[in-house]
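So you can see what is in the structure, the chains are spelled out below.
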Amino acid sequence: MKSIGIKILILALTLCLLFPTISASPSAEESAIGITASCNGDSYIGGEITLTLSLSKPSKALAGIEFVLKYDSKYVSPVVTESTLDGNEMDILVSSKPEKWEQMSYHSDEGLYHFRFAMPDDESSLLDSANELSLKIPFKVIAAGNFDFSVDDADIIAVAADEKLSLLTGNGFNLTVSAASEAQKLAISLSGKEKAYAESRYSLDIEIANLGDSDGIIAVEFALKYDKSRFKPVITQNDSEQMNSFMVSTPQNSWEQMCSLYEDEGIYILRFAAIHAESTTEAEFLKSGKTMSITVPFTAIGAIDEVGAFSVDGSSVRAINNKNKIVSGKGDDFSVEIGENDIPIDPSGDFLTGVVEKTSVSDFIARFGNTTLTDKNGKVITEGFVGTGCVLTDSSGNALTIVVRGDADGNGEINAYDYILVKRTYYETFKPSQAQFLAMALTDPEKITPYDYILVKRHFFGTIDLNKVN
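Residues numbered from 1 in each chain as written. Predicted model: local features only at pLDDT ≥ 70, side-chain atom pairs only at ≥ 80, totals over all residues. Heavy atoms only, no water.

1. Re the side chain of N210
- Structurally, N210 can be placed in strand 16 (residues 201-210).
- Within the structure, N210 has its side chain in polar contact with the backbone oxygen of K287 (distance 3.5 Å).
- Setting aside its immediate chain neighbours within four residues, N210 contacts K185, L186, G216, I217, L286, K287, S288, G289 and K290. (Helix = DSSP H or I, 4+ residues; strand = E, 2+ residues; numbered from the N terminus. Polar contact = N/O pair within 3.5 Å; in protein donor to acceptor, adjacent residues only side chain to side chain. Contact = heavy atoms within 4.5 Å.)

What follows is the structure, given as structure tokens:
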């Protein structure tokens, strides 16, 4: 590449901003780089959050890049707005960049950061697959509510490291952040699988976060509302402390619950506290910036395509900290569509056949309600893939052995060893179990054929989809 010089490169970037019509609009194929964002910190009034920007590996080596970050000045105030004392503008915000690259960044009062980066005069480094560019930008939270950080595609200009200094486009982002009021230093978040399955188990995941109470929280209470026409609680009584099973993780795993259900109203009142709440040690505090997790099981009873809702009203969220002060919080809501159980299964005798490869254990169990899944060695499994030889057992002790089509070795996915086992079975050098035989007998239920071996091998190499072959 001919010598460019940083001044010429800067001029190219600046002219492009001032006179955007001097170059034709780049095509979609010329999109050179993407910008992604994440945010962490104390998201409440008076707290400080950090926005992290990361630029993906570019499709072409770049000699420079410019973009504009927009933020909502009604909700956040930038901590850094001036250049550093040594004249390196905004250098404090850059966490990584290609060696010797210069940046000419500045902040404007309209809620904008302007970032410009360019390679050194000696062209000793470029922004390519071997280098990265990222920034960490601190903001002070000044108001409660939802607000956005964004970089528009149109505000990204990349300069290719070629003879023509070709101008390329980029892909920006939009990130929404929620901030609580000064008193709301507790947040309840609801999540779960995107879809529930009719007449099957559904687990609602609840995260309780201490956003910034420095004294440490020792007890929490909130009301969880659910759509009783579409979801039915699995645990309805607290006999023998059944609702202790709600707690997935708490500080030191040392909290207890005092929960109750009002089924007619469709409300759980969920209360959790450190066991030694009156004389608790610091290890049992829900400390600032930490979370605890709760999971509440339901059965989907609504019709297919109906949508059921879960919600926690912020007014019901209360906590007590270690100084016996009440801490208020914010709630959340979450909606789930009810779908048809679409795993292509076919119970036949003692076997459950037709399960496709890479079916996750969690999804599989969720669709069968109150059941247990064990692997071929009898060990209970809750994650990974469902494999041939796994056993599904219901609450009455009825059991079905799983058969995953094409999965001879029982790991839940089709690999080279599977077609080797099919071949060895055909030549009678391997004696399969009945479940393995059913997984391999793709064309004739009575015997293994050479075509079975060909089908499994072709599926592994991606030339056919075994699950679409009769």
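2. Section: the nonpolar core
- Core analysis: the largest hydrophobic core is formed by 42 residues, its most contacted members being F67, L69, Y113 and F149.
- Listed by contribution, the elements that provide at least two residues to this core are strand 1 (31-41), strand 2 (48-55), strand 3 (62-71), strand 8 (112-118), strand 9 (133-141), strand 10 (145-151), strand 11 (156-160) and strand 13 (173-179).
- The leading source of residues in this core is strand 3, at 6 residues.
- Apart from the residues lying within four places of it in its own chain, the contact partners of L69 are L51, L53, G111, L112, Y113, F115, I137, F149, S150, V151 and F173.
- One finds I235, C259, V296 and V327 within the second-largest nonpolar core, a separate group that totals 39 residues. (Core = buried A, V, L, I, M, F, W, Y, C linked by side-chain atoms within 4.5 Å. Buried < 20%, exposed > 50% of the residue type's maximum accessible area, 1.4 Å probe, protein only.)

3. Quick notes on the pattern of salt bridges
- Overall, the coordinates contain 10 salt bridges when judged by the stated rule.
- A salt bridge links K97 to D91; its shortest N-O distance comes to 3.4 Å.
- The class for K97 is partly exposed, based on a relative accessible area of 29%.
- On the accessibility criterion, D91 (28% relative accessible area) is partly exposed.
- Close ionic contact of E306 with R230 constitutes a salt bridge, the shortest N to O distance being 3.3 Å. Within this pair, whereas E306 is found in the loop between strand 23 (291-300) and strand 24 (307-312), its partner R230 is found in the loop between strand 17 (217-226) and strand 18 (231-233), the two being separated by 76 residues in sequence.
- Taken together, the salt bridges that share partners define one network made up of K70, D152 and D155. (Salt bridge = Lys/Arg side-chain N within 4 Å of Asp/Glu carboxyl O.)

4. What to know about the pairing of strand 9
- Within strand 9, 7 of the 9 residues are buried, which leaves the element mostly enclosed by the surrounding structure.
- Across 8 bridges, the pairing between strand 2 and strand 9 is antiparallel. When the sheet's bridge partners are listed, L51 is paired in strand 9 with I137.
- Summarising the sheet, strand 4 (residues 76-78) and strand 9 pair through 3 bridges and their orientation is antiparallel. Note on strand 9: the bridge partner recorded for P78 is F139. (Pairing = 2+ DSSP bridges.)

5. Here's the deal with the side chain of T359
- Here T359 lies in the loop between strand 29 (351-355) and helix 2 (361-366).
- Looking at T359, its side chain comes within polar contact range of the main-chain oxygen of V356, at 2.8 Å.

6. Thoughts on the pairing of strand 27 (residues 332-339)
- As judged from the 3 bridges shared by strand 15 (residues 195-197) and strand 27, these two strands associate in the parallel manner. From the neighbouring strand, Y197 faces strand 27, where its bridge partner is G339.
- Pairing analysis gives 6 bridges linking strand 24 to strand 27, with the strands arranged antiparallel. Across the sheet, the residue bridging to S311 is D333, located in strand 27.

7. Some details on the packing of helix 3 (residues 416-426) against helix 5 (residues 450-460)
- Here helix 3 crosses helix 5 at 175°, and the two axes come no closer than 9 Å. Here helix 3 lies roughly antiparallel to helix 5, going by the angle between them. Listed contacts from helix 5 to A416, D418, Y419, V422, K423 and Y426 of helix 3 are P450, D452, Y453, V456, K457 and F460.
- The residue makeup of the contact of helix 3 with helix 5, split by class, is 8 nonpolar, no polar and 4 charged. (Axes fitted to C-alpha atoms, helices over the stretch in contact; angles between N-to-C directions. Parallel < 35°, antiparallel > 145°, perpendicular 65-115°, else oblique. Nonpolar A, V, L, I, M, F, W, Y, C, P; charged D, E, K, R; others polar.)

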